Amino acid sequence: MDSVKIAPSILAADFARLGEEVAAICAAGCDYVHIDVMDGHFVPNITLGAPLVAAIAPHASAPLDVHLMISPVDNHIEDFAKAGAAIISFHPEASLHPHRTAAAIREFGCKVGLVLNPATPLNVLDYMWDMIDLVLIMSVNPGFGGQSFLTSQCRKIEAVREYISRHNLAIDIEVDGGINPATAKLARDAGANILVAGTAVFKGANGGDYAANIASLKT
Ligand code: DX5
Ligand code: ZN
């Protein structure tokens with residue numbers, strides 16, 4: 001498998017300097033810019049909306065990977081697509097009709113990610129494989145940065161990787177939450193090919209050297 005890709009979560013960035021922070025992680029070689037959208041309803045926290053995504057888009061040279069933690073999700077897809085999202089990921093629990101939501105994301109020209117919470121079983125994927133480009137496996141409960149990686153999710157990563165390999169599908173496996181150099185290895189070994197990291201990139205062991213923090217998650 002190619003080297004793992006890194007998607008820094010801007011949730012851990014300095015919000016007062018967001019444009020500069022986004023430009024800095026892109027210059028440091030990130031593969032995606034991960035944007036956590038929270039509504040204070042589906043998850044306890046409130047973060048940012050589509051106007052802010054549109055404002056940072058010109059500062060990003062890597063694709064915008066938008067993780068929607070909002071319910072109901074359907075009414076907001078167009079706004080995030082027009083704001084510049086390349087990937088839009090949603091939680092099946094946030095949609096009455098996940099198949100319809102995935103189709104809507106594709107209609108707006110974005111890649112589709114389906115997000116599995118720690119307690120969400122794999123069978124939500126059963127009739128969705130042809131509708132998605134990415135499975136986003138949460139290794140923390142969604143809502144906050146800086147939580148600890150749930151090792152119980154490695155078994156889920158392995159199961160998704162096994163299915164994708166067996167059926168020869170071009171679907172990415174992204175893992176989100178509590179990624180640091182040690183847990184990055186667990187996720188990579190289990191079969192993840194994209195890692196989201198907020199704290200480990202913006203407040204990592206190498207301080208403001210974002211390139212070194214990103215490199216520490218790849219090897
Ligand atoms: C949690 C978010 C994550 C989180 C990652 O709901 O989806 O992207 O910000 O932050 P760290 O890497 O600090 O766990
Ligand atoms: Zn996220």
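For the structure, see preceding data.
In this text, all values refer to a predicted model and were calculated from it rather than measured experimentally.

Cut-offs applied
- Residues numbered from 1 in each chain as written.
- Chains lettered and ligands numbered in written order.
- Predicted model: local features only at pLDDT ≥ 70, side-chain atom pairs only at ≥ 80, totals over all residues.
- Heavy atoms only, no water.
- Pairing = 2+ DSSP bridges.
- Helix = DSSP H or I, 4+ residues; strand = E, 2+ residues; numbered from the N terminus.
- Axes fitted to C-alpha atoms, helices over the stretch in contact; angles between N-to-C directions.
- Contact = heavy atoms within 4.5 Å.
- Salt bridge = Lys/Arg side-chain N within 4 Å of Asp/Glu carboxyl O.
- Buried < 20%, exposed > 50% of the residue type's maximum accessible area, 1.4 Å probe, protein only.
- Core = buried A, V, L, I, M, F, W, Y, C linked by side-chain atoms within 4.5 Å.
- Near = heavy atom within 4 Å.
- Polar contact = N/O pair within 3.5 Å; in protein donor to acceptor, adjacent residues only side chain to side chain.
- Areas by Shrake-Rupley, 256 points an atom, 1.4 Å probe, with all protein chains shown as cover.
- Nonpolar A, V, L, I, M, F, W, Y, C, P; charged D, E, K, R; others polar.

Chemist: Explanation requested: the sheet that holds strand 5 (residues 111-116) in the structure shown.
Modeler: Strand-to-strand pairing in sheets goes through backbone hydrogen bonds, with the strands running parallel or antiparallel. If you trace the eight strands from one edge of the open sheet to the other, you get 1-8-7-6-5-4-3-2, paired in parallel fashion. A single partner strand is all that each edge strand has here, and the edge strands are strand 1 (5-8) and strand 2 (33-38). The mean inter-strand angle of the sheet, taken between neighbouring strand axes irrespective of direction, is 25 degrees. With six bridges connecting them, strand 2 and strand 3 (residues 64-69) associate as parallel partners. Along strand 3, the bridge assignment pairs Ile35 with Val66. Contacts from helix 5 (residues 154-166) reach strand 5, strand 6 (134-138) and strand 7 (172-176), with the element oriented near 170 degrees to strand 7.

Chemist: Help me understand the pattern of salt bridges, please; the structure alone is not making it clear to me.
Modeler: Where charged atoms from two side chains of opposite charge come close, those side chains can pair. Going through the model one piece at a time under the given rule, you end up with eight salt bridges. Note that Arg17 and Glu20 form a salt bridge whose closest N and O atoms lie 3.0 Å from each other. Since its relative accessible area comes to 52%, Glu20 is described here as exposed. In this structure, Lys82 and Glu78 form a salt bridge, with 2.4 Å as the shortest nitrogen-oxygen distance. Within this pair, Lys82 and its partner Glu78 are both found in helix 3 (residues 77-83), separated by four residues, close to a single helical turn. Judged by relative accessible area, Glu78 falls into the partly exposed class, the value being 33%. What you see here is one network of salt bridges that share partners, running through Asp14, Arg17, Glu20 and Glu21.

Chemist: Help me out: how do you make sense of the nonpolar core in this one?
Modeler: In summary, soluble globular proteins display a tendency toward joint burial of nonpolar side chains. Ile10, Val33, Ile35 and Ile132 are the most contacted members of the largest nonpolar core, which totals 67 residues. Counting ten residues, the second-largest nonpolar core is a separate cluster that includes Leu134, Met138, Val140 and Ile194.

Chemist: When you look at the site of ligand 1 in this model, what are you seeing that I'm missing?
Modeler: In the vicinity of ligand 1, 20 residues are found, and the nearest of them are Asp36, Asp176, Gly178, Gly198 and Thr199. At 2.6 Å, a side-chain N or O of Asp176 approaches an oxygen atom of ligand 1. One nitrogen or oxygen atom from the main chain of Gly178 is found 2.8 Å from an oxygen atom belonging to ligand 1. Compared with its free state, where it exposes 380 Å², ligand 1 has 98% of that area covered by protein. Elements supplying a minimum of two residues to the shell around ligand 1: strand 2, strand 3 and strand 8 (194-197). Its residues placed into classes, the shell around ligand 1 shows eight nonpolar, ten polar and two charged.

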